[in-house]
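This is what each chain is made of:
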Amino acid sequence: MSEHIQDHHLVETILASSKNPVSLDDLRTRLPIGVNVEASLRRLMDEYEGRSLQVIEVAGGWTLRTKPELSDLCRRFLRKPIKLTNAALETLVTIAYFQPVTRPEIERIRGVTVAKAILDLLLWSEWIRPGPRRQTPGNPLTFVATNKFLQQFDFKSFDELPDINDLRAAGILNAEKDLGVTLPDADSEFSEM
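Every value quoted in this text rests on a predicted model; they were computed, and no experiment measured them.

Participant: What is the right way to look at the overall build of the protein in this model?
Facilitator: A tally of regular secondary structure across the protein gives 10 helices and five strands. Scored against the burial criterion, the 193 residues of the protein give a buried share of 38%. Of the contacts formed within the protein by residues at least 6 apart in sequence, a portion of 51% connects residues at least 24 apart. Total accessible area computed for the protein in this model is approximately 11,800 Å², and 52% of it derives from carbon and sulfur atoms.

Participant: What is the right way to look at the confidence of the model for the protein in this model?
Facilitator: Detailed reading of the predicted model is not advised wherever pLDDT is low. Across the protein, the average pLDDT comes to 84, with 84% of residues at 70 or higher. When mean pLDDT is taken per element in the protein, strand β4 (residues 128–130) scores highest with 97 and helix α9 (residues 175–179) scores lowest with 41. Low pLDDT, under 50, characterises residues 176–193; the stretch is placed with 39 contacts to residues that sit more than four places away or in other chains.

Participant: Even after reading the chapter, I still don't get the packing of helix α4 (residues 86–98) against helix α6 (residues 116–124), so can you show me in this structure?
Facilitator: Two numbers describe a pair of packed helices, the interaxial angle and the distance between the axes. Interhelical geometry of α4 versus α6 gives an angle of 65 degrees and a closest axis separation of 10 Å. You can see that α4 and α6 cross each other, and the crossing is right-handed. For the pair formed by α4 and α6, the contact residues are A87, A88, T91, L92 and I95 on the first element and I118, L119 and L122 on the second. A class-by-class count of the residues in the contact of α4 with α6 yields seven nonpolar, one polar and no charged.

Participant: Explain the packing of aromatic side chains to me, please; I cannot follow it from the model alone.
Facilitator: Any pair of aromatic rings gets described here by the distance separating the centres and the angle formed by the planes. Scanning all chains against the criterion turns up four aromatic pairs. Measuring from ring centre to ring centre gives 6.4 Å for F149 and F155, while their planes differ by 25 degrees; the resulting arrangement is stacked. Take F155: its relative accessible area is 17%, and that puts it in the buried class. In this structure an aromatic cluster arises from ring pairing among W127, F149, F153, F155 and F158. Note that R51 overlies the ring of Y48, its terminal NZ or CZ placed 4.4 Å from the centroid.

Calculation notes
Residues numbered from 1 in each chain as written. Predicted model: local features only at pLDDT ≥ 70, side-chain atom pairs only at ≥ 80, totals over all residues. Heavy atoms only, no water. Helix = DSSP H or I, 4+ residues; strand = E, 2+ residues; numbered from the N terminus. Buried < 20%, exposed > 50% of the residue type's maximum accessible area, 1.4 Å probe, protein only. Contact = heavy atoms within 4.5 Å. Areas by Shrake-Rupley, 256 points an atom, 1.4 Å probe, with all protein chains shown as cover. pLDDT = per-residue confidence, 0-100. Axes fitted to C-alpha atoms, helices over the stretch in contact; angles between N-to-C directions. Left-handed = near helix turned anticlockwise from the far one by under 90°. Nonpolar A, V, L, I, M, F, W, Y, C, P; charged D, E, K, R; others polar. Phe/Tyr/Trp six-rings, centres within 6.5 Å; stacked < 30°, edge-to-face > 60°. Lys NZ or Arg CZ within 6 Å of the ring centre and 35° of its normal.

Structure, rendered in structure tokens:
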């Protein structure tokens, strides 16, 4: 390897060529021994300041992204965004907060039946995936949110999700208001299943 290649250029190359965000551990294993990954990322963030791209941490890793104020220019090259109905959004939020969660549990939390088409759309978008089967009679399938969900909504981890009470106040999880169903807190029985 040429001696004039600087460490931050190696990190930049990995980020630019990776489809998904790259974790610090993954960067360390891909780079030569002695490369200071954190310093290289800081330098890249400084170098990209004022440019159309930015180096950001999302979904447990680092990636290059178009700055939000310039992203409209790129939209025509991307596939059309998925438009979620309120029912699909409520289902996605329920899965993200109470994962792993079964379809009957989603229905109990939301207070309404979940259409197969909603789960199909969320699976197709790769924002959710099948989780482990519940060790109960019938071994029902569970669903969990994915790193693509984190990427799409710009969360570094599931710990960054807004407080569930804020979602209730915004009407996103409104089963208790409309149907007389009391939604559990995020750290209730569902998170222990």
